[in-house]
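Read off the chains here:
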Amino acid sequence: MNFILGWNEPPSRAMSVGGILRWPDGRNMPDVHATLFEYGKYPVYLRLNAGCESPEIYRFQGSKGALEVTEFSITYSPQSGKDEYPCYYTGSYPGAMRAEYLKQWHEEHDPVPGKEPLVETYTYKGNSWDDVRPHLWNFFQHSRSHTPVVEDAVFGHNAALACHMANESYFRKASVTWDAASGTIKS
């Protein structure tokens, strides 16, 4: 996630919940673990579920669409950034107000018949990103050229620190922050 977004910093805050729900065999680390991180103004939600065989998926959602990254593919699903459907809260409106809102919404937003937009989703497939060969090739290329790698020691520290913050939040049952001045996780 940090590599794709171009971030090389620890989260400023982490809030975790979870538990040992599938494997109550004496372990102390949760097998279901959900964490909400703050990276500046951006919220990032990550979860772990060791109780099922679901693939790792990273989903980035923004104003221009969604990007879904799996072990073997990247899928981009563009979005127009406009209202595509009436607000779903209208179910709680009084009947007359709902009818008026829906009528106005459809008058302003419905496409002309035959001119409906066609949204294409693009999927790019490749080798597993867990395949060690590209990582070794990258490392050797940078070693030969004496140039720094992107995921250096600071990058690794920041990524590991996010994991430590998630765990600390889980065990403390509280939100935690990173205090760079003292080099400690605080709650």
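See above for the structure.
Residues numbered from 1 in each chain as written. Predicted model: local features only at pLDDT ≥ 70, side-chain atom pairs only at ≥ 80, totals over all residues. Heavy atoms only, no water.

(A) Quick peek at the overall build of the protein chain. The helix and strand inventory of the protein chain stands at four helices and nine strands. Along the protein chain, helices (α) and strands (β) appear in the sequence α-β-β-β-β-β-β-α-β-α-α-β-β when read from the amino end. Taking 16 Å as the expected radius of gyration for a compact globule of 187 residues, we find that the protein chain reaches 22 Å, considerably beyond that expectation. For the protein chain, the residues scored as buried account for 19% of the 187 residues in total. Counting only contacts in the protein chain whose residues sit at least 6 apart along the sequence, the fraction spanning at least 24 positions is 46%. Positive and negative side-chain charges in the protein chain, numbering 17 and 22 respectively, have mean positions lying 2 Å apart. (Helix = DSSP H or I, 4+ residues; strand = E, 2+ residues; numbered from the N terminus. Rg over C-alpha atoms; globule rule 2.2 N^0.38 Å. Buried < 20%, exposed > 50% of the residue type's maximum accessible area, 1.4 Å probe, protein only. Contact = heavy atoms within 4.5 Å. Lys, Arg positive; Asp, Glu negative; His and termini not counted. Charge placed at Lys NZ, Arg CZ, Asp CG, Glu CD.)

(B) Up close: the packing of aromatic side chains. Scanning the model with the defined rule gives seven aromatic pairs in all. Considering the side-chain rings of Y170 and F171, the 5.0 Å spacing of their centres and the 75° angle between planes classify their relative orientation as edge-to-face. When its relative accessible area of 13% is taken as the criterion, Y170 is described as buried. Under the relative-accessibility criterion, F171 is labelled partly exposed at 44%. (Phe/Tyr/Trp six-rings, centres within 6.5 Å; stacked < 30°, edge-to-face > 60°.)

(C) Structural context of the nonpolar core. W7, A14, F37, Y39, V44, L161, A162, M165, A166, V176 and I185 form the largest nonpolar core, which has eleven residues in total. Within the residue set of this core, elements represented by two or more residues are β2 (32-39) and α4 (153-172). When residues of this core are assigned to their parent elements, the largest contribution, four residues, is made by α4. Discounting residues that sit within four places of it in the chain, L161 has contacts with P10, W178 and I185. (Core = buried A, V, L, I, M, F, W, Y, C linked by side-chain atoms within 4.5 Å.)

(D) Inspection of the sheet that holds β2 at higher detail. Within the open sheet, the five strands sit side by side as β3-β2-β1-β8-β9. Their pairing is antiparallel. Strand pairing shows two members of the sheet lacking a second neighbour, β3 (42-49) and β9 (184-186), which therefore form its edges. Put simply, the sheet's adjacent strands are angled 25° from each other on average, direction ignored. Where strand β1 (residues 13-19) meets β2, seven bridges bridge the pair, whose relative direction is antiparallel. By the bridge assignment for β2, G18 is matched with H33. With respect to the sheet, α4 is in contact with β1, β2, β8 (176-179) and β9, its orientation differing from that of β1 by roughly 55°. (Pairing = 2+ DSSP bridges. Axes fitted to C-alpha atoms, helices over the stretch in contact; angles between N-to-C directions.)

(E) Up close: the pairing of strand β4 (residues 58-62). The pairing of β4 with strand β5 (residues 65-69) spans five bridges and is classified as antiparallel. By the bridge assignment for β5, Y58 is matched with V69.

(F) Region of the structure containing unusual backbone geometry. Look at H146: it is not a glycine, yet its phi comes out positive at around 55°. The class for H146 is exposed, based on a relative accessible area of 71%. Although it is not a glycine, K173 sits at a positive phi angle of roughly 55°. Summarising the element assignment, K173 is placed in the loop between α4 and β8.

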